[in-house]
Amino acid sequence: MMPARQASQSEAMKKKKRSQGDLVVQILGFALLCSLMVDAAIAIRFPDPVSPRSNDAPSNRPLKTAVFALGCFWRSEAVFGCLNGVVRTSAVYAGGSKPNPEFRSLGDHAEAVQIEYDPKLINFRQLLDVFWSSHDSRQVFGQGPDVGQQYRSIIFTNGTEEARLASLSKEREQTRSRSSIVTTQIQQLGAFYPAEPEHQKFELKRNPFLLQLIGNMPEEELERSSLAAKLNGYAAELCPSKTQADIDLKIGGILKKGWPLLRDV
Ligand code: MHO
């Protein structure tokens, strides 16, 4: 028979092991819950990339424009900037009637993103899919902590075909969320205005290291640059995970050698 002291020690050890085991199970459960919550909160549905024909450079092809409002335009610009086929993005004010709005007095406008895209590489339907899957269209006049009509959700269209695709996608979205109303408005695009320079490529500008890596472009170049649009998405960690990883690798390579500047990703 075990002496009383030894027996109680081994009982205590068993208890400790059991409670350590419980802790591990709790931590794993919590981690799983968190990852499910993050997935449920945002799981952007990225389109499958189409590879461009090498003899037909994107710069020679006619581009199309789309404008969406989905909350703070810092984030909206980053969401779309990284997509294959998106050539340029800008933060804009749209959807209102006030001429020449400014951030501190934008009247009835919403913060929005203007997207210039190559229709051979990505289409309006795919952009709509990214739009729906990258924000909460059921939140009334706001996104997360940003509350107010400037953060409302809007799909702007150029008329019949885009308006039809937008309504169809909204109906689909409404069937997905039976218990709450999809608040997204669908509007013909009217006059819209570029936001101030400090709101353009905001996520990228928060990262002086990345700015340096692309050679500290002057503001006008930064605003027109496809590379800057992509890196703006990368800086916000909103690119598809494969793209995030590819850019990480590229940057790692440059850092190792100490050169050259990052010219494309
Ligand atoms: N929550 C953000 C909103 C900025 S956005 C340009 C902030 O004030 O930091 O509306």
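- Labelled according to an unreviewed UniProt entry, the protein chain appears under the name Peptide methionine sulfoxide reductase A5, originating from Stephania cephalantha.
- Annotation of the protein chain in UniProt includes, under Function (unreviewed entry), the sentence "Catalyzes the reduction of methionine sulfoxide (MetSO) to methionine in proteins. Plays a protective role against oxidative stress by restoring activity to proteins that have been inactivated by methionine oxidation. MSRA family specifically reduces the MetSO S-enantiomer."
- One UniProt comment on the protein chain, placed under Sequence similarities (unreviewed entry), says "Belongs to the MsrA Met sulfoxide reductase family."

**Observations regarding the site of the ligand**
- The environment of the ligand is made up of Cys72, Phe73, Trp74, Phe103, Glu111, Asp146 and Tyr151.
- The separation between an oxygen atom of the ligand and a polar side-chain atom of glutamate 111 is 2.6 Å.
- Within the side chain of aspartate 146, an N or O atom sits 2.5 Å from a nitrogen atom of the ligand.
- Contact with the protein chains covers 67% of the free accessible surface of the ligand, which is 310 Å².
- By residue class, the composition of the shell around the ligand is five nonpolar, no polar and two charged.

**Description of the pattern of salt bridges**
- Per the counting criterion, the structure on display carries 11 salt bridges.
- Salt-bridge contacts for glutamate 116 lead to arginine 88; the nearest nitrogen and oxygen are separated by 3.2 Å. One end of the pair, glutamate 116, is in strand β3 (residues 110-117); the other, arginine 88, is in strand β2 (residues 86-94), and 28 residues separate them in sequence.
- Given a relative accessible area of 16%, arginine 88 falls into the buried group.
- Put simply, glutamate 203 and arginine 206 hold a salt bridge, and the shortest N to O gap is 3.3 Å.
- Residue glutamate 203 is classed as buried on the basis of its relative accessible area of 13%.
- On the basis of relative accessibility, which here comes to 52%, the residue arginine 206 falls in the exposed class.

Conventions we followed
- Residues numbered from 1 in each chain as written.
- Predicted model: local features only at pLDDT ≥ 70, side-chain atom pairs only at ≥ 80, totals over all residues.
- Heavy atoms only, no water.
- UniProt positions renumbered as here; feature names shortened; annotations may be inferred.
- Near = heavy atom within 4 Å.
- Polar contact = N/O pair within 3.5 Å; in protein donor to acceptor, adjacent residues only side chain to side chain.
- Areas by Shrake-Rupley, 256 points an atom, 1.4 Å probe, with all protein chains shown as cover.
- Nonpolar A, V, L, I, M, F, W, Y, C, P; charged D, E, K, R; others polar.
- Salt bridge = Lys/Arg side-chain N within 4 Å of Asp/Glu carboxyl O.
- Helix = DSSP H or I, 4+ residues; strand = E, 2+ residues; numbered from the N terminus.
- Buried < 20%, exposed > 50% of the residue type's maximum accessible area, 1.4 Å probe, protein only.

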